[in-house]
Amino acid sequence: MWNQESSWNTGDSAHNPSMSAMGIFRQPTNSSGVRVSHELTMRLRFRPGLNRWIRDWVVLEWGAVYLDRQGEIEMARILVPSITPERPVRRGHSPFSVYLIFLVALFSVRGWSQSLVIKDVTVIDATGRAAEPHSTVVIDGDHIVAVSRSKKTHLPQNAVIVDGTGKFLIPGLWDMHVHGASDTRAPWSHLLFVANGVVGVRDMSGPPDANAWRATQASNPDPSPTIYLGSPIVDGPNPAWPDSIVVANEAQGREVVDQLQQRGADFIKVYSGLSRNAYFAIADEAKKRDIPFEGHVPDAVTAAEASGAGQKSIEHLTQVAEGCSKEEKTIAAERQRLEASFRAPDATMPQKIAAGQNIIRLNFHVVESFDEATAQSLFAQFVKNGTWQTPTLTLLQGQIDDPLSTNDPRLQYLSKEVRAKWDAGYYSHFPPPARAAMVQLAKAEFDESKKIVALMYRMGVPILAGTDTMNPHCLPGFGIHDELAFLVDAGLPPLAALQAATRNAAQFMGQQSRRGTIEVGKTADLVLLDKDPLADIHNTSSIQAVVLNGKLFPRAVLDAMLTKAQTLAGIPDAAAAPGK
Ligand SMILES: [Zn+2]
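No experiment lies behind these values; they were computed from the predicted model shown. (Residues numbered from 1 in each chain as written. Predicted model: local features only at pLDDT ≥ 70, side-chain atom pairs only at ≥ 80, totals over all residues.)

Engineer: If you had to explain the overall build of the chain to someone new, which residues and values would you point to?
Structural biologist: Counting secondary structure elements, the chain contains 18 helices and 20 strands. Residues classed as buried in the chain amount to 45% of the 580 residues present. Considering only contacts within the chain whose residues lie at least 6 apart along the sequence, 73% involve residues at least 24 apart. (Helix = DSSP H or I, 4+ residues; strand = E, 2+ residues; numbered from the N terminus. Buried ≥ 20, exposed ≤ 12 C-beta atoms within 10 Å, placed from the backbone. Contact = placed C-beta atoms within 7 Å.)

Engineer: Quick one: what's the story with the packing of helix α10 (residues 349-368) against helix α14 (residues 432-459), residue by residue and with numbers?
Structural biologist: Packing of α10 against α14 leaves a shortest axis separation of 10 Å and a crossing angle of 20°. Between α10 and α14, the angle falls in the class roughly parallel. Along this stretch, α10 crosses α14, giving a crossing that reads as left-handed. Residues Gly 356, Ile 360, Asn 363, Phe 364 and Val 367 of α10 touch α14, and the partners they reach there are Ala 434, Ala 437, Met 438, Leu 441, Ala 444, Glu 445 and Glu 448. Its residues placed into classes, the contact of α10 with α14 shows eight nonpolar, two polar and two charged. (Axes fitted to C-alpha atoms, helices over the stretch in contact; angles between N-to-C directions. Parallel < 35°, antiparallel > 145°, perpendicular 65-115°, else oblique. Left-handed = near helix turned anticlockwise from the far one by under 90°. Nonpolar A, V, L, I, M, F, W, Y, C, P; charged D, E, K, R; others polar.)

Engineer: Go over α14, please, and point to the residues and values.
Structural biologist: With 28 residues, α14 ought to run about 40 Å at 1.5 Å a step, and its terminal C-alpha atoms sit 40 Å apart, in line with that. Buried within α14 we find Met 438, Ala 442, Glu 445, Ser 449, Ile 452, Val 453, Met 456 and Tyr 457. Gly 460, located one to two residues past α14, shows a positive phi value of around 85°. (Expected span 1.5 Å × (residues − 1).)

Engineer: Now, about the environment of Ala 437: what can you tell me, with residues and values included?
Structural biologist: Positionally, Ala 437 belongs in helix α14. Taking C-alpha positions, Ala 437 is 8.9 Å from Gln 357, a pair spaced 80 residues apart along the chain.

Engineer: So, the packing of helix α11 (residues 372-385) against α14: which residues are in play, and what are the values?
Structural biologist: Between α11 and α14, whose axes approach to 10 Å, the crossing angle comes to 55°. The pairing of α11 with α14 is recorded here as oblique in orientation. Between α11 and α14 lies a crossing of right-handed hand. Each of Ala 375, Gln 376, Phe 379, Ala 380 and Val 383 in α11 lies in contact with α14, whose residues at this interface are Ile 452, Leu 455, Met 456 and Met 459. Of the residues that constitute the contact of α11 with α14, the class distribution is eight nonpolar, one polar and no charged.

Engineer: I'd love a proper account of the confidence of the model for the chain, names of residues and values included.
Structural biologist: The predicted model of the chain averages 82 in pLDDT, with 77% of residues at 70 or higher. Predicted confidence for residues 1-64 stays below pLDDT 50, and this span has 112 contacts to residues more than four positions away or in other chains. Across residues 103-112, where pLDDT falls below 50, the model places 27 contacts with residues more than four positions away in sequence or in other chains. (pLDDT = per-residue confidence, 0-100.)

Engineer: Requested: an account of unusual backbone geometry, with residues and values cited.
Structural biologist: Excluding glycine, most residues fall at negative phi; most peptide bonds, likewise, are trans. With a phi angle near 45°, Thr 392 is a residue other than glycine that sits in the positive phi range. With respect to the element layout, Thr 392 can be found in the loop between β17 (388-390) and α12 (393-398). Given 27 C-beta atoms within 10 Å, Thr 392 falls into the buried group. The phi angle at Asp 468 is positive, at roughly 70°, despite the residue not being glycine. Structurally, Asp 468 is set in the loop between α14 and α15 (478-490). Residue class for Asp 468 comes out buried when judged on the 26 C-beta atoms lying within 10 Å of it.

Engineer: Please provide a residue-by-residue account of the nonpolar core, values included.
Structural biologist: One finds Val 137, Leu 169, Ile 268, Ile 282 and Leu 487 to be the most contacted residues of the largest nonpolar core, which totals 125 residues. With sequence-adjacent residues up to four places away left out, Ile 282 is seen in contact with Val 234, Gly 253, Val 257, Ile 268, Val 270 and Phe 293. (Core = buried A, V, L, I, M, F, W, Y, C linked by C-beta atoms within 7 Å.)

Engineer: Requested: an account of the pairing of strand β19 (residues 543-548), with residues and values cited.
Structural biologist: By the criterion of burial, β19 is predominantly enclosed, with five of the six residues buried. As paired strands, strand β18 (residues 526-529) and β19 are joined by four bridges and run antiparallel to one another. For Leu 528, the partnering residue across the bridge sits in β19 and is Ala 545. In the sheet, β19 pairs with strand β20 (residues 551-554) via four bridges, with the strands oriented antiparallel. Bridge assignment links Ala 545 to a residue of β20, and that residue is Pro 554. The loop that links β19 with its antiparallel partner β20 comprises two residues; one of these, Asn 549, has a positive phi angle of about 50°. (Pairing = 2+ DSSP bridges.)

Engineer: Describe the pairing of strand β14 (residues 267-270), and please don't skip the residues or the numbers.
Structural biologist: Where burial is concerned, the two faces of β14 agree: the one with Phe 267 and Lys 269 and the one with Ile 268 and Val 270 are both buried. Here strand β12 (residues 226-235) runs beside β14; their pairing, made up of three bridges, is parallel. When the bridges of β14 are listed, Val 234 appears paired with Val 270. Bridge count for β14 against strand β15 (residues 293-295) is three bridges, and the pairing is parallel. When the bridges of β15 are listed, Lys 269 appears paired with Glu 294. Viewed along the sheet, the connection from β14 through helix α6 (residues 276-289) into β15 turns out right-handed. (Right-handed = clockwise from strand over helix to strand, strands pointing away.)

Engineer: Kindly report on the environment of Ile 268, identifying the contributing residues and their values.
Structural biologist: Inspection of the secondary structure assignment puts Ile 268 in strand β14. Among the residues examined, Ile 268 registers 28 C-beta atoms within 10 Å and is labelled buried. With 64 residues separating them along the chain, Ile 268 and Met 204 place their C-alpha atoms 9.0 Å apart. Setting aside its immediate chain neighbours within four residues, Ile 268 contacts Ser 231, Val 234, Val 257, Leu 260, Ile 282, Ala 286, Ile 291 and Phe 293.

Put into structure tokens, the structure is as follows:
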């Protein structure tokens, strides 16, 4: 916990009631629960009347840095966590090294309020143009004001200069299918996103009141990605997830669209259990009210119908494999019959098991009956109707691994609660033979999905990169790099994969004039890489620095964020965010 007034030693400003009342000068907050044994306050360049000068602050795990109007560090406060047997400081971080890390971070953030120049860097702007070596990118405030190869580029005075020699600059990444980003129980996920170069996310299961949620975000001191915020999941009776909005009929469907739009949702998230009536009413009402609807294609609807009804994006290729089979109609009828017998109130256990086995067999048959011409005609409709696809290959791949691989070092950033859920995997409640069949089916479906993605790409179906993070094996932040690699593995060129997480995301949201590429006038959301992502897509994770809304986060600060995320995730119940 933070020691309050007694050890706060900053001169007059912290005690100036008018400053506090105006909310300009905030006490740093430490929500991590790390105990503080003592506290060091450093005043680097104290000036009398400090309160007039402070214009920005940065709160990190171990303290805060205050910047004056020129962006100079005015003052810093450092906390040294105590080491107790019950709650040791993270491995390898003695109080002294904590102090050192903080000092590094402190001097790295000098440029947060200044112009920023990235010099002599290879720019991969994601417009489709070839990589431009030896370029200079100038950022003023939160915008890019110049991208140039000329040596005569005007550099603003007092700019922070980052030497990009031998490095690569890409637009900030968007994970277009996440859960938990708007969940107050998972504050650590924001740090994992930013530390991994994810500057924005599409949240696929938002809060009931988006406007109210946005208002609470103003007081969040940590850097966070921009959130394109979905409604809560809109599902049919017996919803798959407890916090869904249940819509049983046409009238409720229309009403829900109206309400969710008024509450500020960026889009309506539709789900698998919606009836045809409810779904088409939602589609019609959303069109009238000019709000997009995105999500699963319901089980009772075909992918072609959803595309025709104007669904803006289809997630996880729901109903797409069925639509690539010549037998789509008979498969749908058979599925209905099997599911009804599985759910029948008087079904005996052997009958349920038989129905379950037949459903698995039917799903294998969907894969086996893939027909390229049928697929092409479906994908042509996607192109014509502007139906986007978020294949979430990361999710599909995760469904193959059972149990979850436990030696991935990135798992250290997850809470115990999430780990426990992930460790259980998808099939722990299945008897062993069914479990083996499910894993085999997941493999077959994953391979087919990659084939589908490759064909979609060749036909010009617009594709988004999304992970479905918070589901097993879909790591917040880290996961987007996995998804890009899966997209390339499926058959996309590295640049096209990169565009799926940058330019395409901006186009999808209608924000192409503001985001998604490295061009003059765009928001300065950037990732500086050590190695060339076009030579090997895995190099998107060789992150040297992130620029978020014009603010520079060098590697040392990104590492501090990761450590903070790890600490937050260690707090019980901090992070039991659901996946969907
Ligand atoms: Zn999802």
